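Observations on the three-dimensional arrangement
Next come the chains, spelled out residue by residue.
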Amino acid sequence: MNISLRQLRAFLGVAASGNFTRTAQRLHLSQAGLSATIRELESQLNTRLFERTTRAVVLTEAGKAFLPSAELVERELTAAAARLKEMGRQEGTALRLAFTPLMAANVVPETLKRFHAECPGVDVEIIAGSPLEIQQLAETGEIDAAFGAFFTKVSGLVRKPLASSGLLAVYAPSRFSPVPSAPGEDDTTWEILRGQPYVALTGDSPIQQLAEEALFKYQVDIGARMAVQHLDTALGMAEQGFGIAIVPAFSQSACARYAVELRRISPAVKFDFSYVMRTGAPVPQTLARFAAIFKAVMEQD
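In what follows, the accompanying structure is described. Computed from a predicted structure; not experimentally measured.

Rules used throughout
- Residues numbered from 1 in each chain as written.
- Predicted model: local features only at pLDDT ≥ 70, side-chain atom pairs only at ≥ 80, totals over all residues.
- Heavy atoms only, no water.
- Core = buried A, V, L, I, M, F, W, Y, C linked by side-chain atoms within 4.5 Å.
- Buried < 20%, exposed > 50% of the residue type's maximum accessible area, 1.4 Å probe, protein only.
- Helix = DSSP H or I, 4+ residues; strand = E, 2+ residues; numbered from the N terminus.
- Axes fitted to C-alpha atoms, helices over the stretch in contact; angles between N-to-C directions.
- Parallel < 35°, antiparallel > 145°, perpendicular 65-115°, else oblique.
- Contact = heavy atoms within 4.5 Å.
- Nonpolar A, V, L, I, M, F, W, Y, C, P; charged D, E, K, R; others polar.
- Pairing = 2+ DSSP bridges.
- Phe/Tyr/Trp six-rings, centres within 6.5 Å; stacked < 30°, edge-to-face > 60°.
- Expected span 1.5 Å × (residues − 1).
- Arc of directions from axis to C-beta.

Quick notes on the nonpolar core
Phe147, Trp190, Phe290 and Phe294 are the most contacted members of the largest nonpolar core, which totals 63 residues. Counting residues per element, this core draws most heavily on helix α11 (residues 285-299), which supplies 7 residues. Counting 16 residues, the second largest nonpolar core, distinct from the first, contains Ala24, Leu34, Ile38 and Leu41.

Re the packing of helix α1 (residues 5-17) against helix α3 (residues 31-45)
Close contact between α1 and α3 brings their axes to 9 Å; oriented N to C, the two are set at 105 degrees. In terms of their interaxial angle, α1 and α3 are classed as roughly perpendicular. On α3, the residues that touch Arg6, Gln7, Ala10, Phe11 and Val14 of α1 are Leu34, Thr37, Ile38, Glu40, Leu41 and Gln44. Looking at side-chain class alone, the contact of α1 with α3 contains 6 nonpolar, 3 polar and 2 charged residues.

Examining the pairing of strand β12 (residues 261-266)
Sheet analysis places strand β7 (residues 167-171) next to β12, joined by 4 bridges and oriented antiparallel. Pairing of alanine 169 across the sheet is with arginine 263, part of β12. Pairing analysis gives 3 bridges linking strand β8 (residues 187-189) to β12, with the strands arranged parallel. Within β12, the residue paired with aspartate 187 across the bridge is arginine 264.

Focus on the packing of aromatic side chains
Summed over the entire model, instances satisfying the criterion amount to 13 aromatic pairs. Relative to phenylalanine 290, the ring of phenylalanine 115 lies with its centre 5.4 Å away and its plane at 70 degrees, an arrangement referred to as edge-to-face. Of the two residues, phenylalanine 115 sits in helix α6 (residues 108-118) while phenylalanine 290 sits in helix α11, which places them 175 residues apart along the sequence. Note on accessibility: phenylalanine 115 and phenylalanine 290 belong to one class, buried. A centroid spacing of 5.1 Å and a plane angle of 55 degrees characterise the contact between phenylalanine 147 and phenylalanine 294, whose relative ring orientation is tilted. With phenylalanine 147 in strand β5 (residues 145-148) and phenylalanine 294 in helix α11, the pair connects residues that are 147 residues apart, well separated along the chain. The structure contains a cluster of three or more aromatic residues connected by ring pairs, namely Phe99, Phe115, Phe147, Phe250, Phe271, Phe273, Tyr275, Phe290 and Phe294.

Topic: α11
If you check α11, its first and last C-alpha atoms are 21 Å apart, about what 15 residues at 1.5 Å a residue would give, namely 21 Å. Every buried residue of α11 is listed here: Thr286, Leu287, Phe290, Ala291, Ile293, Phe294, Val297 and Met298. On an axial view of α11, the arc spanned by its buried residues comes to 165 degrees, and they lie on one face.

Looking at unusual backbone geometry
Of note, the bond from serine 266 into proline 267 is cis; its omega dihedral lies within 30 degrees of zero at -5 degrees. Examined against the element boundaries, proline 267 turns out to sit in the loop between β12 and β13 (271-278). In this model, asparagine 46 sits at a positive phi of 60 degrees, which is unusual for a non-glycine residue. By the element assignment, asparagine 46 lies in the loop between α3 and β1 (50-52). Of the residues examined, asparagine 46 reaches a relative accessible area of 71% and is grouped as exposed. You will see that glutamine 219, though not glycine, has its phi angle at about 55 degrees, which is positive. Within the element layout of this structure, glutamine 219 appears in the loop between α8 (206-217) and β10 (225-228).

Description of the environment of tyrosine 275
Examined against the element boundaries, tyrosine 275 turns out to sit in strand β13. For tyrosine 275, a relative accessible area of 6% puts it in the buried group. Put simply, tyrosine 275 and alanine 104 are 171 residues apart on the chain and 13 Å apart in space, counted from C-alpha to C-alpha. If we ignore the near neighbours within four places in the chain, the residues touching tyrosine 275 are Ala145, Ala146, Phe147, Val158, Arg159, Lys160, Leu162, Val283, Leu287 and Ala291.

Notes on the sheet that holds strand β11 (residues 244-248)
The 6 strands are arranged β8-β12-β7-β11-β9-β10 in an open sheet whose pairing can be described as mixed. Both outer strands of the open sheet, β8 and β10, are each paired with one neighbouring strand and no more. Averaged over all pairs of adjacent strands, the angle between their axes in this sheet comes to 40 degrees, without regard to strand direction. Pairing of strand β9 (residues 198-201) with β10 involves 4 bridges; the strand directions are parallel. For valine 199, the partnering residue across the bridge sits in β10 and is methionine 226. Against the sheet, α8 contacts β7, β9, β10 and β11, and its axis sits at roughly 130 degrees relative to β9.

Considering the sheet that holds strand β4 (residues 123-128)
Taken together, the 5 strands give an open sheet; going across it, the order is β4-β3-β5-β13-β6, and neighbouring strands pair in mixed fashion. Looking at strand neighbours, the two that pair on one side only are β4 and β6 (157-165), the edges of this open sheet. On average, adjacent strands in this sheet sit at an angle of 20 degrees to one another, irrespective of strand direction. Both β5 and β13 contribute to a ladder of 3 bridges, which runs antiparallel. When the sheet's bridge partners are listed, glycine 148 is paired in β13 with serine 274.

Purely geometric numbers; function is a separate question.
This is the structure we're talking about:
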């Protein structure tokens with residue numbers, strides 16, 4: 001007999017919900033895959049665990065007898081796996097890291113490739129979310145570190161700066177032709193946005209907050225505004241000529257995937273890209289090395 005944790009979770013899910021469709025959705029399986037898993041378990045136990053009718057799925061007497069044991073074993077295995085994973089995190093052999101979606105898609109893959117070449121025995125789990133979401137994960141200790149542009153200080157977190165960044169104006173060259181201005185040929189000013197359609201991020205974005213402060217400071221009135229949630233969406237809209245987008249300079253690797261023009265904006269608005277972790281938590285050598293590689297990949301553009 002070779003009962004797996006996957007089979008136990010499938011059995012417990014159906015037993016709790018009485019519904020294959022809902023259980024399959026919750027376990028991220030197809031309904032056919034869930035049914036096959038239950039059949040495998042029933043075959044190994046040599047008994048039917050469920051009575052299936054057109055209206056409901058209910059436990060058989062054998063299923064009711066098996067349920068307490070299945071719950072106990074699943075609970076113990078899940079707890080043991082969590083303890084082992086936590087031991088791995090403390091020893092630096094496992095890392096659980098969170099990033100904003102742009103960085104997860106554009107910088108993390110190359111970082112992981114280089115990191116695994118140096119540290120092949122370290123398991124790295126990647127989570128993507130908004131700056132607020134990943135900061136909260138760091139606060140609760142659910143992750144080892146969150147990487148992003150964090151402007152709000154939190155007493156329970158320590159911030160470790162990685163690099164300084166500025167802002168870029170991104171636009172479709174076929175529609176917008178700003179004239180570069182001093183101090184560099186690749187620079188423009190905030191005047192680029194005066195009266196122009198603007199692809200903005202939502203108000204909870206730290207990058208958007210910086211841009212809004214600069215527009216107010218330099219008294220630049222924009223044209224029509226289109227608000228989007230993610231930087232990649234802003235780049236796609238800018239490429240199609242819907243407006244000028246303001247994005248962080250560290251997103252240049254993402255910009256390369258779009259037919260857009262980039263200009264550094266002067267006067268520059270500088271901010272730090274950092275990673276945050278719980279105050280007092282040890283910094284494993286593997287995390288420090290991952291952060292160093294991440295910084296190198298982010299700055300190579």
